[in-house]
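Summary of structural features
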Amino acid sequence: MNAHGPSPSPHPSARRSEAPLLEVRDLTVEFKTRHGEVRALDRVSFDLRAGETLGIVGESGSGKSVTARSIMRLLPRNARVTGGEIRYDGRDLLTLSDREFRGIRGKAISMVLQDPLTSLNPVFRIGWQVGEAVTIQQGLRGAARDARSVDLLRGVNIPAPEIRLHNYPHEMSGGMRQRVVSATALAGNPRILICDEPTTALDATIQAQFLNLLRGLQEAYGLAIIFITHDFSVVAEMCDRVAVMYSGQIRERGDVFEIFDHPAHPYTRALLASVPKLGETERLTTIPGQPPSSANKLPGCAFAPRCPIADSVCHASEPPDMALRDDHTSLCWRAQ
Amino acid sequence: MSAMTADVPVLEFRNASKHFALSRDRVVRALDGIDLVLEAGQTIGVVGESGCGKTTLSKLALMLQRPTGGEVLFRDMEVGAFGREDWRRFRTSVQAVFQDPWSSLNPRMRVIDIIAEPLVASSSMPRVEREARAARLMDDVGLPRAFLSRFPHELSGGQRQRVAIARALSIEPRLIVLDEPVSSLDVSIRSQVINLLKDLQEQRGYGYLLIGHDLATVAYISHRIAVMYLGRIVEINTSAELISDPKHPYTQGLLAAHLADHPAQRGRNVPLGGEVPSPLSPPPGCHFHTRCPKAMEICSRVEPMSISSGAGLVACHLYGQAG
Ligand SMILES: Nc1ncnc2c1ncn2[C@@H]1O[C@H](COP(=O)(O)OP(=O)(O)OP(=O)(O)O)[C@@H](O)[C@H]1O
Ligand SMILES: Nc1ncnc2c1ncn2[C@@H]1O[C@H](COP(=O)(O)OP(=O)(O)OP(=O)(O)O)[C@@H](O)[C@H]1O
Ligand code: SF4
Ligand code: SF4
Ligand SMILES: [Mg+2]
Ligand SMILES: [Mg+2]
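Residues numbered from 1 in each chain as written. Chains lettered and ligands numbered in written order. Predicted model: local features only at pLDDT ≥ 70, side-chain atom pairs only at ≥ 80, totals over all residues. Heavy atoms only, no water.

1. A few points about the pattern of salt bridges
Residues and elements named next belong to chain B. Applying the stated criterion across every chain yields a total of 37 salt bridges over all chains. Here Glu303 and Arg232 are joined by a salt bridge, their closest N and O atoms 3.2 Å apart. Taken together, the positions of Glu303 in the loop between helix 9 (249–256) and strand 11 (306–309) and Arg232 in strand 10 (residues 232–238) put the pair 71 residues apart, joining distant regions of the chain. Assessed through its relative accessible area of 13%, Arg232 is described here as buried. (Salt bridge = Lys/Arg side-chain N within 4 Å of Asp/Glu carboxyl O. Helix = DSSP H or I, 4+ residues; strand = E, 2+ residues; numbered from the N terminus. Buried < 20%, exposed > 50% of the residue type's maximum accessible area, 1.4 Å probe, protein only.)

What follows is the structure, encoded as structure tokens:
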């Protein structure tokens, strides 16, 4: 099997000129819980440009999946979008009817879920599941549907796809299942693919294979990708631009080189320094304390209780989104 | 602090195997001919792809399973020869921390009782003393003492994992088996736990058998690393040498799959092709030959023996004995 995709894309600035494909502005989402209304997203804003990969990084509970699910309109019932816009192709997706949105989901925008092992139905053969997506997205049936399914599986490096169509999910490895899920997501020729931690459950070698595959698919289909992860090395490997989330907010946003070389937000800086790098032996930086639970919102900066440079202003009032060099922003009073 | 007898290895595998018979002719060779020595106060890291036998190795180390061949020794004693007193000593010297802090703590017990439990089982320490000790352990792992009266569901994942570590430390163990201890933790919590593990070893001389899948993290914590493939150790060496000068093509493949630490290095990883074959019918000869970019004719016929190379051992026909 050939796991090596085409060589990586050139530096992202080459693609800069185009207008954004997707614009998320001030997206705010609240959950109704036993403890009252809980704000899971707080004025989240970012752009996605054609053909680029935007990384959304953050720790557990920071709001990455809620962001993805808001775009896909797959929020749980107790969630409500209480503010903001999601603009695609000049339209605010939040104002579309369910019927109109069916023309978007899977066709314009598609998603690969966090858990590859549960996003396939264990009781149906692979062929049925991929075929179902082909029918829904492209209206194909019978032999045309089968032929398209085989093409899709071949496109994600599944060896002997004609035979694999007859397998059940449990007869495939985790890496292979994740590729089948991706094939399903690509059935409608989407322009945007949202990947929510697609490699977290995979071995390092299989993860690297999958990332290379994804890069190849991006070239082949001209996809724009939103890549959600908690792993900065995945960001370094895949992303053109990065948004760092903490406690439902995007704390820092910018070009991937800018973020790695000149992180402006204390949280980003601490995160980058807390990961062991291969072969290095210096003591790891730690971030004291725990990520906040969204239930007890503080008046000032949400990161203040853990921030090494917090001052009285930080504890008293929320920082604004400060614009730094090109397209680099940081939600912090002390950003320079 | 350490009253260790440094000359006796804390744990030793001698040609140890573990085979699971699924039926008469279907046998999973989860471990095959493992040789491994863990000296007191040291860390051996074990890496390899899913299903290569890491957890089985940790179960043998904890004597939760018996080898089907060869021997596993704790401080020079074969477990088959353990008497009642040896078992008591074993239980008071060996502890484990598992990947999933959600399932490894008893949900109906308070933190204080969870931490003190190994003491109840292994000594006649009075209750007040046990509780004082539990409180000191909370300090050691950086948790507020107020959490002693909480139940596990009232703690975050990182806090639970620290409770699991505090519990493992309650009896001053000589050996702690750590099976993916930080994989389930958030990045910011992970570095706290990693630093804690390193500090405790330095201060008290615990031996660690550390199982992990992230090479950078395992190398950061371990003195030596064993690389496993389909139930066998294919290379073992000091962390520094294994990373700077990997000998076995599988180790080279794992390192080549390592993702960039900085975007300037992107696209350099060249992952191994294919996937691990089924352990029910591992390829003959060198198990790795179906994926090895350097495979030779002999590789599919003859199993390579381990030979020493630098500070380590490597099992590959490229070194020494190739025909
Ligand atoms: N069904 C729900 N009911 C109430 N709160 C929820 C629900 N789903 C998510 N949340 C809350 O929304 C916040 C964001 O959750 P989200 O799933 O987006 O996190 P995440 O960044 O994807 O984390 P992970 O890395 O663990 O996947 C969390 O604080 C979470 O508790
Ligand atoms: N009780 C058992 N009966 C049969 N087969 C078993 C048993 N326990 C483990 N195995 C098999 O032995 C092999 C090694 O399993 P083990 O759990 O040790 O792998 P691992 O390296 O820990 O994998 P992972 O990284 O996924 O945790 C696997 O093929 C597994 O299916
Ligand atoms: S606003 Fe203040 S507390 Fe918040 S991240 Fe910036 S410096 Fe730290
Ligand atoms: S013995 Fe042969 S197949 Fe095995 S790792 Fe060495 S060169 Fe590759
Ligand atoms: Mg998520
Ligand atoms: Mg395991």
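There's more to say after this.
2. A word on unusual backbone geometry
Backbone geometry at Asp76(B) places phi at a positive 70°, although glycine is not the residue there. You can see Asp76(B) is positioned in the loop between strand 4 (69–74) and strand 5 (77–78).

3. A closer look at helix 5 (residues 157–169) of chain B
Residues and elements named next belong to chain B. Here helix 5 contains 13 residues, and its C-alpha end-to-end distance of 19 Å stays within 8% of the 18 Å for a straight helix at 1.5 Å per residue. Helix 5 sits mainly inside the fold: twelve of its 13 residues count as buried. For helix 5, the complete set of buried residues consists of Gly157, Gly158, Gln159, Arg160, Gln161, Arg162, Val163, Ala164, Ile165, Ala166, Ala168 and Leu169. (Expected span 1.5 Å × (residues − 1).)

4. Focus: the layout of surface pockets
Residues and elements named next belong to chain A. A volume near 640 Å³ is recorded for the second largest pocket. As for the second largest pocket, its lining consists of 23 residues, of which Met111, Ala133, Gln137, Thr184 and Ala185 are closest to the centre. If you list the elements that add at least two residues to the lining of the second largest pocket, you get strand 6 (109–112), helix 3 (126–138) and helix 6 (174–185). Ranked by the residues each element gives to the lining of the second largest pocket, the list is headed by helix 3, at six residues. Its residues assigned to classes, the lining of the second largest pocket shows twelve nonpolar, seven polar and four charged. (1 Å grid on protein atoms, 1.4 Å probe; cavity = no way out; pocket = protein on both sides within 12 Å on 5 of 7 lines; lining within 4 Å. Points joined across faces, edges and corners; volume = space filled by probe spheres on them. Nonpolar A, V, L, I, M, F, W, Y, C, P; charged D, E, K, R; others polar.)

5. Concerning the nonpolar core
Within the largest apolar cluster, 60 residues are counted, with the highest numbers of intra-cluster contacts made by Leu153(A), Val180(A), Leu193(A), Leu214(A), Phe227(A) and Val235(A). With seven residues, helix 7 (residues 204–221) of chain A is the largest single contributor of residues to this core. (Core = buried A, V, L, I, M, F, W, Y, C linked by side-chain atoms within 4.5 Å.)

6. Notes on the packing of aromatic side chains
Residues and elements named next belong to chain B. For the structure on display, the rule yields twelve aromatic pairs over all chains. Taken together, a centroid distance of 5.0 Å and an interplanar angle of 90° make the contact between Phe74 and Phe90 edge-to-face. Separated by 16 residues along the polypeptide, Phe74 in strand 4 and Phe90 in helix 2 (residues 84–91) bring together distant segments of the chain. Here Phe90 falls in the buried class, since its relative accessible area comes to 4%. For the ring pair Phe82 and Trp87, a centre distance of 4.9 Å and an interplane angle of 80° mean the geometry is edge-to-face. Taken together through their ring pairs, the aromatic side chains of Phe74, Phe82, Trp87 and Phe90 make up a single cluster. (Phe/Tyr/Trp six-rings, centres within 6.5 Å; stacked < 30°, edge-to-face > 60°.)

7. Some thoughts on the sheet that holds strand 1 (residues 11–23) of chain B
Residue and element names in this part refer to chain B. If you trace the four strands from one edge of the open sheet to the other, you get 2-1-4-5, paired in antiparallel fashion. Taken across any chain shown, the strands that pair with only one partner, and hence form the sheet edges, are strand 2 (26–38) and strand 5. Where strand 4 lies against strand 5, two bridges are found, and the strand directions are antiparallel. Paired with Leu73 across the bridge in strand 5 is Glu78. (Pairing = 2+ DSSP bridges.)

8. Description of the packing of helix 3 (residues 111–122) of chain B against helix 4 (residues 127–140) of chain B
Residue and element names in this part refer to chain B. In contact at an axis separation of 9 Å, helix 3 and helix 4 are set at 120° when each is read in the N-to-C sense. The hand of the helix 3/helix 4 crossing is right-handed. Between helix 3 and helix 4, the contacting residues are Val111, Ile112, Asp113, Ile115, Ala116, Leu119 and Val120 on the first element and Arg127, Arg130, Glu131, Arg133, Ala134, Leu137 and Met138 on the second. In terms of residue class, the contact of helix 3 with helix 4 is built from nine nonpolar, no polar and five charged. (Axes fitted to C-alpha atoms, helices over the stretch in contact; angles between N-to-C directions. Left-handed = near helix turned anticlockwise from the far one by under 90°. Contact = heavy atoms within 4.5 Å.)

9. Some thoughts on the interface of chain A and chain B
In this assembly, 52 residues from chain A lie in contact with 42 residues from chain B. At the boundary of chain A with chain B, total buried surface from both sides reaches about 3,800 Å², with 55% on carbon and sulfur atoms. Where chain A packs against chain B, one counts three salt bridges. Between Asp240(A) and Arg266(B) there is a salt bridge, and its shortest N-O distance comes to 3.9 Å. Counting the contacts that link chain A with chain B gives 21 residue pairs in polar contact (both at pLDDT 80 or more). Those elements giving two or more residues to the side of chain A that touches chain B turn out to be helix 6, helix 7, helix 8 (232–238) and helix 9 (256–261) of chain A. Looking at the side of chain A that touches chain B residue by residue, the classes come out as 23 nonpolar, 17 polar and twelve charged. (Buried area = accessible area lost by both parts, 1.4 Å probe. Polar contact = N/O pair within 3.5 Å; in protein donor to acceptor, adjacent residues only side chain to side chain.)

10. Some thoughts on the site of ligand 1
Residue and element names in this part refer to chain A. Close to ligand 1 lie 16 residues; Ser60, Gly61, Lys64, Ser65 and Val66 are nearest. Gly63 has a polar backbone atom sitting 3.0 Å from an oxygen atom of ligand 1. Between ligand 1 and Val66 there is a distance of 2.8 Å, counted from an oxygen atom to a backbone nitrogen or oxygen. About the coverage of ligand 1: the protein hides 69% of its 640 Å² of free accessible area. Top contributing element to the shell around ligand 1 by residue count: helix 1 (residues 64–72), with three residues. Here the residues of the shell around ligand 1 are counted per class, giving four nonpolar, nine polar and three charged. (Near = heavy atom within 4 Å. Areas by Shrake-Rupley, 256 points an atom, 1.4 Å probe, with all protein chains shown as cover.)

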